[in-house]
Structures are given as C-alpha cells and as structure tokens.
Amino acid sequence: MSFIDSLLAGLALVGNIEAFLALGAGVAIGVIGGAIPGMSATMAVALTLPFTFAMQPITGILLLLGVYKGGIFGGSIPAILIKTPGTPASSATILDGYPMAERGEAGRALGMALWASCTADLISNLALIVFAGWLASFALNFGPPEFFTLILFSLTIIAGVSGDSLLRGALSAVLGLLLATIGLDLVYGTNRFTFGSPDMMGGLNFIAVLIGLFAIPEILAMAWNPTAHLGKTRSLGNKWVTFADYRRCFRSIVRGSMIGVFLGSIPGIGAAPSAFLSYSEARRKSKNKANFGKGEVEGVAASEAGNNGVAGATLIPLLALGVPGDVITAIIIGAFMVHGLQPGPMMFVLNVDIIYGLFIGLIVSSIFLFFIGTAAIRGFKYVADIPKRLLIPSVLVLCIYGVFAVNNNIFDVGVMFAMGWVGYFMMRYHIPAAPFLIAFILGPLLEDNFRQSMLMSGNDWMVLFRGPITWFFWTVTIITVVAIIRAGYRAARNIGANRLKG
Amino acid sequence: MTNRSVQLQLGLGACIASLFLIFVAIPGWVASPTNVRNIILSPLFWPYVLAGLTGLTGLGLLAVGWFTEEDGVPLNDAADKPHTAWLRLFGLAAIMVVTMLLLPRIGMVWTSMLAFVATAFTVRTRHPIAAVICAIVIPLVLYAFFAHVAGVAIPQGHFVRLP
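Residues numbered from 1 in each chain as written. Chains lettered and ligands numbered in written order. Predicted model: local features only at pLDDT ≥ 70, side-chain atom pairs only at ≥ 80, totals over all residues. Heavy atoms only, no water.

Enquirer: How would you sum up the overall build of chain A? Please name residues and give values.
Expert: When you go through chain A residue by residue, the secondary structure sums to 22 helices and 2 strands. Taken over C-alpha atoms, the radius of gyration comes to 22 Å for chain A, in line with the 23 Å a tight globule of 502 residues would show. C-alpha extents for chain A along the principal axes are approximately 70 × 55 × 55 Å. Looking at chain A as a whole, 63% of its 502 residues qualify as buried. Of the contacts made within chain A by residues no fewer than 6 positions apart, 79% connect residues no fewer than 24 positions apart. (Helix = DSSP H or I, 4+ residues; strand = E, 2+ residues; numbered from the N terminus. Rg over C-alpha atoms; globule rule 2.2 N^0.38 Å. Buried < 20%, exposed > 50% of the residue type's maximum accessible area, 1.4 Å probe, protein only. Contact = heavy atoms within 4.5 Å.)

Enquirer: An account of a nonpolar patch on the surface is requested, with residue identities and associated values reported.
Expert: All names here are of chain B. Taken together, the side chains of Phe121, Ile129, Val132, Ile133, Ile136, Val137, Leu140 and Val141 make up a nonpolar region of the molecular surface, amounting to roughly 710 Å² of accessible area. In terms of residues, the nonpolar patch owes the most to one element, helix α5 (residues 128–149), which gives 7 residues. Looking at where Ile133 falls in the secondary structure, it is placed in helix α5. (Patch = residues over 30% accessible without salt bridge, like charges linked within 9 Å, V, L, I, M, F, W, Y side chains within 5 Å. Areas by Shrake-Rupley, 256 points an atom, 1.4 Å probe, with all protein chains shown as cover. Salt bridge = Lys/Arg side-chain N within 4 Å of Asp/Glu carboxyl O.)

Enquirer: So what's going on with the interface of chain B and chain A? Which residues, and what values?
Expert: Interfaces are often described in size by the accessible area the parts lose on coming together. Counting residues at the interface gives 76 residues for chain B, matched by 65 residues for chain A. Carbon and sulfur atoms make up 76% of the area that chain B and chain A hide from each other, which totals about 6400 Å². Contact with chain A buries surface across chain B, with Leu41, Trp46 and Met96 of chain B losing the most and accounting together for 12% of the total. Seen at the junction of chain B and chain A, the total is 0 salt bridges. When contributions to the side of chain B that touches chain A are tallied by element, the ones reaching two or more residues are α1 (3–29), α2 (45–67), α3 (82–106), α4 (108–122) and α5 of chain B. In terms of residue count, α3 of chain B provides more of the side of chain B that touches chain A than any other element does, 11 residues in total. Taken together, the residues that form the side of chain B that touches chain A break down as 54 nonpolar, 15 polar and 7 charged. (Buried area = accessible area lost by both parts, 1.4 Å probe. Nonpolar A, V, L, I, M, F, W, Y, C, P; charged D, E, K, R; others polar.)

Enquirer: Residues and numbers for the UniProt feature "transmembrane region" (unreviewed entry) in chain B, please.
Expert: Following the UniProt record, the feature "transmembrane region" (unreviewed entry) maps to residues 6–32, 44–67, 87–117 and 129–154 of chain B here. Its end C-alpha atoms 37 Å apart, residues 6–32 of chain B is made of 89% helix and 0% strand. (UniProt positions renumbered as here; feature names shortened; annotations may be inferred.)

Enquirer: Give a detailed account of the packing of helix α19 (residues 388–407) of chain A against α5 of chain B, specifying residues and quantitative values.
Expert: Contact geometry of α19 of chain A with α5 of chain B gives a least axis separation of 10 Å together with a crossing angle of 20°. By the angle between their directions, the pair α19 of chain A and α5 of chain B is classed as roughly parallel. In terms of crossing hand, the pair formed by α19 of chain A and α5 of chain B is right-handed. Within the contact between the two elements, α19 of chain A uses Leu390, Ser394, Val397, Leu398, Tyr401, Gly402 and Ala405 of chain A and α5 of chain B uses Ala130, Ala131, Ile138, Pro139, Leu142, Tyr143 and Phe146 of chain B. Residue classes in the contact of α19 of chain A with α5 of chain B are distributed as 12 nonpolar, 2 polar and no charged. (Axes fitted to C-alpha atoms, helices over the stretch in contact; angles between N-to-C directions. Parallel < 35°, antiparallel > 145°, perpendicular 65-115°, else oblique. Left-handed = near helix turned anticlockwise from the far one by under 90°.)

Enquirer: Outline the confidence of the model for chain A, supporting the account with residue identities and numerical values.
Expert: Per-residue confidence for chain A averages 85 on the pLDDT scale, and 92% of its residues sit at or above 70. Per-element confidence in chain A is highest for helix α20 (residues 410–428) of chain A, whose mean pLDDT is 94, and lowest for helix α22 (residues 468–501) of chain A, whose mean pLDDT is 78. (pLDDT = per-residue confidence, 0-100.)

Written out as structure tokens, the structure is:
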C-alpha cells in the first residue's frame, strides 16, 4: 500500500462527524480534567477509557488521545493560577507562570502556555508520523530475543526515572511484574496464584488495576486530608499574550519541542524531565536569563513546549514497538487491547488505516487544542469552583461503573478497590505507581518472549545475544543501569557532603 | 515517617515478602507439571526470579536506609486531626466492603447512590443537598449510558429494577 493509499484509507476511517466529535470532546475533557486541581491527565484518561468500549476502535482511541493532549495543557492552568500543577509535567511551568500571575499577567502566561503547547504538539505529531513508520518497518525484523532485550531495556529506564529513588522505582516495577504472573501459565496452562478462583485464571484485569492504582488513591488521600486542595485562584489580569511575545520565544519553543520529541520517544522518561530540561536550556541561552524564575514569559513557553513535545513522541514506541512510553500511553495501550488491537510493528501492516487515521486525528487535535484551550483559560474559574468533595464521590461511582463494564464482572470492582489500597500505600511510602503499571503490562510480554526464545533455541542462552539488535539493547541497558547507579551514588554523596558542611 | 524509616520499613517488608514468596507462596500456589525437564521453561522459574529480585531490592533499600542519616523531616504532610483522619480511612474501607456486598443484592444503581452519599459525608462535604442530588442523578445517568448505549448488563439486584 502506497503512502497516498494509506492516507486515504486513514481519511476514510476518520472522515466522519463521530470521530471529530470524539476528538473534540476528548480535548475538552482532558483540559477540564487536567485543570481541576487534584485530578490529572492520567486520571482523566483512565476514567474516560470505559466510555470508549461502545465506540468504534478509532473513535474510542481518538477520544483518549484527545484527553491526553488536552490534559497535558490543562495541567498548566492551575499551575499558573493557583501554583498547583494539574499534572507533574506542569511543575516547571510554575517557576515563571505563577510569578507572572502574581504580577497580574496570568492571562499572558496562559496564552503563551497555550500557543507553545499547540506548536510543540504539532511538532511532536509530525515527528510521530515521520519516525513511527520507519521504526515499525525496522522492528518487523524483531524476533522474541530482540523483543525480550527491548522490553528489558524499557523496564530499566522506567525503574530508573520514575521517582526520586531508584530502589523504590525498582521495587514498584518488580511488584508489577509479580502481579502480572497471576493467572494461567503461558506455556503449560497451569495455575499461578489463582487460589482456585476462576476469576483469576485470566490474570487480573488491566483496567481494574490501572483505575485502582490511579483514581482510588486520590479518593483515599481526600479522606485522609479533606482540606488539602483548598487554594487561592489568581485573576487573569488585563494583559494578554501578543504575537511579538510568541516570535521572541519561538526559538525556545522549537528547542523545547525537539527536547520533548527526543525524550518522549525513549520509553519511561516522561514529560516532567523534558519540561525542566527545556526550561534550563531556554534560561541558559536566553538574553533575559536574569528574569527566569521571576516571571519570564519565555520560561513559560519553554517548559510548556518541553512537556507538550512529549505527547506525540511517546506514541512512537507505543505504535511502532508496542512498548508504552509513559503511564498514559500504558492506559491507551489498554484501549487498543480492549478493541482487539495489538500495537506494534504488525499493526503497520495489518491496520494501516487505523494508524493513518490516528495520525490525521492527532494533527487535527492540535487545532482543537488551540480553540478549546482558549475557552478553557477564560472558563477556569468555573472549573476551579467545582467542589472537590462532590467530585471525589462522583469519581468513585464512575470507577465502579467503568470497571464493571469491562467484563461485566463484580470481581473486577473488588480488584479495583484492593489495588486502590495498594496504590494508597505506595503513595504514602513514596513508591511511584507508574513503574508498577508499566511493568504489569510489559511483564507477560517479557516472560513470553524469554520463554519463546528459549524454546526456539533449545534452551541455549546465546540466542539472547544472537545479533546486532540484541547486542544494541544489551549495551544500552547496561549503560542505563550504570548511569542510574552512578547518578544515585552521586546524589547520595552530595547529600552527605551538604550535611557535613551544615 | 522520615525518609530513612520509610527506606528501612520498605526494605524489611520487601525481604519478608521475598522469603514468603520463595518458601510459602510459590511452592504452595504455583502449579508446575512434573515432566518439565528444564527449569527455565518451568512455570516456577519466573516467579522465583522475581521473588529473588524483590529480596535484592529489599536488601538495597535496607542498606541505603541504614547508611542514610536521620534528618527528622517527615515525608508526608500530617493530617489536621490524625484520629479522625484514620476514622475516615476506615470509613472508606467499610464503604468499599459494603459496596461489594450490596452490588449483587440491591444492584449497581442503588449501591452507587448509597456509596456516593456515604463518601461525600465521609470527606465532610460542605454541600449536603447538592451531594444528595448528585448521588441520585450521577448513578442514573451512568446507568442510562452503560445499559442503554454501551449495552452493558448493569446488575439490577433482587428488589427494585430499572427499565
């Protein structure tokens, strides 16, 4: 199928009102979800997922992608107006966004955040279109040993960057891998930790686990401290962003977008490090570097470009390799599975119309984001006024319905509640939940590819080192592990040195 | 809880979990055919590897915790009144247990209404009337969507059935 044929097939799939309505609704839900303090883009995507079950696969996935894109931008609104990032990725936006809001320039900061977000989103989507197909065609040569080493590499990165402690990230990933062993054995069909329950033979339901991990702990945290969310909202002010502002920041926006694309395409890095790196690079290169941290509009532009540049790029490993780039794409992979699709190189062969439909939808999502984001900036005060203590019980009810709807099974609701307590325990002990979920998804793939490799080679370990691709992944895995250990050691040594000085 | 105590507690917990997996859980709850010649292909292999990794991570956490100096800075924000905070947490646990018990008996819609009201009052809502209205409307709207649009067989219970 030629490029034009694929494009036309994709257009035929998404060229209908439902697909665009779903995309627009997704962006709106995402912006609102990201903007509500205490909710997050992750929770918004997780809670929207059950509503996609009744939709066509492309419509449902576009809805979720819209929520993802909208949520990342939406997180910047409370970051600027109430100094509370709606998503972790918006933490860097606070550095200059909130001082601008204090100066009465919140409208200008939010406008720049939106313009930078839309530009970065577009660049990221174009990168996805260019690189995903290329990477997928390369990955068609992968066999079980190559996939095993790739997934191992992804796990090392995820365990290393998903929190302030490498060991807690690793513990989280190991627990996720352990949970993924529940169910029937992949080769022999014998029971593993099923306790004789037929409900557990298929393993724990992925949607129940993810909603339990990401939504229920927020409800429990609310019960622990019901007044923690109360904050003061700043007014938008009279000053708005101008085209001259945008032109002045354009270089930082493009640089931040590129950083986002690069870091986003590596599984596990996520948007927050990208935003901070983009911010620090902008400060290093800016003529106004002295103003950074005091309310510099270029700082807002750079951090927003950094975190939105990731949004399209995280879909590169997802679509091309079937490896989720971050926790939101881990949820989106669940949507693919629910609709009977398996992301990975074969999808570019078997479902090329869906792939190109998604590409078209993603490009359009940047335009939707611009218009819906503009409306959301002005309407934020209404969103901020939604009583959190009514929102939380609504989330609980939504979780119950959504999780039940996956398999029509009350057992899954119980799994969700149990995972909610696990997630809350992890939150209290500062164990990042993202490695847990990603390992839970990758665990069966890792084991399956390992055992397939052993079966095809007659238990010869050397199959795991059989060619340049496996060698490449082993090398980068070792480099990553060494780098993470070194960084952890240095951080510990610095803390010790600071204490001695103090 | 300080950073050091968290590291030590997690490390100890991970080591105990690892031992429990190796000596109790895997031999007891993972079945393996007797004719598997190679341990690598056995259903037991992967759980044992992961149990070992859990233990190693636990030892790492213990070592880091042991060599970290006690800074006395609590890792989590304290609740205003810890006793009532614990009571609210127990309240939510009770709501979840009761929800599981009621779901097959009185149906999802009525259970959700009760769970909504109970949760709203557990988190001390300042809008009790709005909470009651939402408790009635939201489960009904969700029922209408999932039952009539998505075609999900929402549990109806033994008493009052919805169209």
